[in-house]
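Residues per chain, in single letters:
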Amino acid sequence: MKFCPRCGSKNLNYMPWLGEIYKCRDCGYRGALIVEDGEFADAIDAIKKKSSK
Ligand SMILES: [Zn+2]
């Protein structure tokens, strides 16, 4: 599972033709840096809850 580092969304489009780039469909984030699986999920979730208010 991969998560957007900005908003924690799982709606990431992988765009390898742009050079291992991911694009978030929720916040528009675009970059190679993504959060993968469990370890950061809790932190991301906390950020998401905070910013969604
Ligand atoms: Zn995002």
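Cut-offs applied
Residues numbered from 1 in each chain as written. Predicted model: local features only at pLDDT ≥ 70, side-chain atom pairs only at ≥ 80, totals over all residues. Pairing = 2+ DSSP bridges. Helix = DSSP H or I, 4+ residues; strand = E, 2+ residues; numbered from the N terminus. Buried ≥ 20, exposed ≤ 12 C-beta atoms within 10 Å, placed from the backbone. Contact = placed C-beta atoms within 7 Å.

Focus on the sheet that holds strand E3 (residues 21-24)
Pairing within the open sheet is antiparallel, and its three strands lie in the order E2-E3-E4. The open sheet terminates on both sides in strands that have one partner only, identified here as strand E2 (12-15) and strand E4 (30-31).

Re the environment of Glu 36
Mapping Glu 36 onto the fold places it in strand E5 (residues 35-36). Owing to 10 C-beta atoms within 10 Å, Glu 36 belongs among the exposed residues under this scheme. Each C-alpha atom of the pair Glu 36 and Cys 4 lies 8.8 Å from the other, and the pair is 32 residues apart in sequence.

Structural notes on the environment of Arg 30
Here Arg 30 lies in strand E4. Since 15 C-beta atoms lie within 10 Å of it, Arg 30 is described here as partly exposed. Excluding anything up to four places from it in sequence, Arg 30 contacts Ile 21 and Lys 23.

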